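Listed here are the chains, written in short residue letters.
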Amino acid sequence: MARLAVVSGGGTGIGRATAGMLAGEGYDVIIVGRRPEVLDDAVKWIGPQASAVVADCSDPDQVPAVVDAVGGREVDVLFNNAGAFISGDDATLADLKARWHAAFDSNVTSAVLMTEALRPRLRRPGARLILVSSIAAQRGGGGPYSAAKAALHGLMFDLAAQFGPDGITANVIAPGYVTDSEFFDGRMTEEGHRRRVDANLIKRPGEPSDIAEAVRWLAGPGGTYVTGQIINVNGGSVLGR
Ligand SMILES: NC(=O)c1ccc[n+]([C@@H]2O[C@H](COP(=O)([O-])OP(=O)(O)OC[C@H]3O[C@@H](n4cnc5c(N)ncnc54)[C@H](OP(=O)(O)O)[C@@H]3O)[C@@H](O)[C@H]2O)c1
């Protein structure tokens, strides 16, 4: 039977490209997101090895639908990629609190719930757990988004320690600026794009496939002895640390 990957946020951008890469590697892929029509399009794009679950990964009542879709199979790759930049005017302290909570739910709670729900189903040994943070975690600039992404680093360190004895690796990929996704929808300007491209050493934006290639390596034989790491895929926007 084919290996199985679960990709949260697999309907668009980085998640969709990574799901496509994994299907190309022979995995069956379950993509998860909140919009059925987006997931349907992605399943068609990825191909017959893909199936979709409509679920909010930050909702404890919805995540069990992903476990149901996995059924009795073992999960070889869990790509906890769902997340978003939560905007808001922070007009009151209550607004500010709501935005911080929403940012943590979107970027951290989603990864925590997916990992815990699928913990018994991860292949032992051999499963790969990969979380997606951001250069914003390392250099700030995103308020609660930066803080939430940084929290994933601490979460990952714990997961790597917990899962290591089972032969399961846990790592974070921290992308830089990536286009061809919905992440900046309505928030990007030509000047903002140019500034981000100029700020990296390669002088081009990242593409979803750049992140998918890092997942290919971590999920493949080359990733067997790599755990507890933050893998920067950012064109040199933030130098290694
Ligand atoms: N693009 C960049 O420059 C960049 C840089 C650094 C890090 N990242 C990170 O990379 C990841 C992927 O982003 P992207 O650039 O590919 O943007 P994207 O196109 O907006 O992808 C995010 C995906 O996650 C899904 N999603 C969001 N919240 C969810 C939830 N609670 N439950 C289930 N699905 C959820 C979205 O679909 P629904 O809305 O339909 O649920 C969407 O398909 C994110 O974690 C983002 O923070 C992106």
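Engineer: So what's going on with the site of the ligand? Which residues, and what values?
Structural biologist: Taken together, 26 residues lie around the ligand, and Thr12, Arg34, Arg35, Tyr145 and Ser181 are the ones closest in. One of the backbone N or O atoms of Val178 is found 2.8 Å from an oxygen atom in the ligand. Side-chain polar atom of Ser181 to an oxygen atom of the ligand: 2.7 Å apart, as the coordinates give it. Calculation on the ligand without its partners gives an accessible area of 870 Å², and the protein chains cover 95% of this total.

Engineer: Quick one: what's the story with the packing of helix α1 (residues 13–24) against helix α2 (residues 36–46), residue by residue and with numbers?
Structural biologist: Put simply, α1 and α2 touch, their axes get as near as 10 Å, and they point 35 degrees apart. Helix-helix and strand crossings are classified by hand; for α1 and α2 the assignment is right-handed. Mapping the contact onto sequence places Arg16, Ala17, Ala19, Gly20 and Ala23 in α1 and Ala42, Trp45 and Ile46 in α2. When the residues that make up the contact of α1 with α2 are grouped by side-chain class, the tally is six nonpolar, one polar and one charged.

Engineer: Got a sec to walk through unusual backbone geometry? Specific residues and values, please.
Structural biologist: Phi is mostly negative for residues that are not glycine, and the peptide bonds are mostly trans. The linkage connecting Arg124 with the following residue, Pro125, adopts the cis geometry, with an omega of -5 degrees. On the secondary structure map, Pro125 appears in the loop between α4 (93–118) and β5 (128–132). Located in the positive-phi region is Asp90, a residue other than glycine, with phi close to 50 degrees. Turning to its location among the elements, Asp90 is positioned in the loop between β4 (77–80) and α4. Not every positive phi belongs to a glycine, and Lys203 is a case in point at roughly 65 degrees. Overall, Lys203 belongs to the partly exposed group, its relative accessible area being 48%.

Engineer: Before we move on, can you summarise the nonpolar core with the specific residues and values?
Structural biologist: Counting residues in hydrophobic clusters, the biggest one holds 30 residues, and the most contacted among them are Val6, Val32, Met114 and Leu131. What Met114 contacts, discounting residues up to four positions off in sequence, is Val6, Ser8, Val32, Cys57, Val63, Val66, Leu78 and Asn80. Of all hydrophobic cores here, the second largest spans 28 residues; its members include Met21, Ile46, Val178 and Ala219.

The rules we used
Residues numbered from 1 in each chain as written. Predicted model: local features only at pLDDT ≥ 70, side-chain atom pairs only at ≥ 80, totals over all residues. Heavy atoms only, no water. Near = heavy atom within 4 Å. Polar contact = N/O pair within 3.5 Å; in protein donor to acceptor, adjacent residues only side chain to side chain. Areas by Shrake-Rupley, 256 points an atom, 1.4 Å probe, with all protein chains shown as cover. Axes fitted to C-alpha atoms, helices over the stretch in contact; angles between N-to-C directions. Helix = DSSP H or I, 4+ residues; strand = E, 2+ residues; numbered from the N terminus. Left-handed = near helix turned anticlockwise from the far one by under 90°. Contact = heavy atoms within 4.5 Å. Nonpolar A, V, L, I, M, F, W, Y, C, P; charged D, E, K, R; others polar. Buried < 20%, exposed > 50% of the residue type's maximum accessible area, 1.4 Å probe, protein only. Core = buried A, V, L, I, M, F, W, Y, C linked by side-chain atoms within 4.5 Å.

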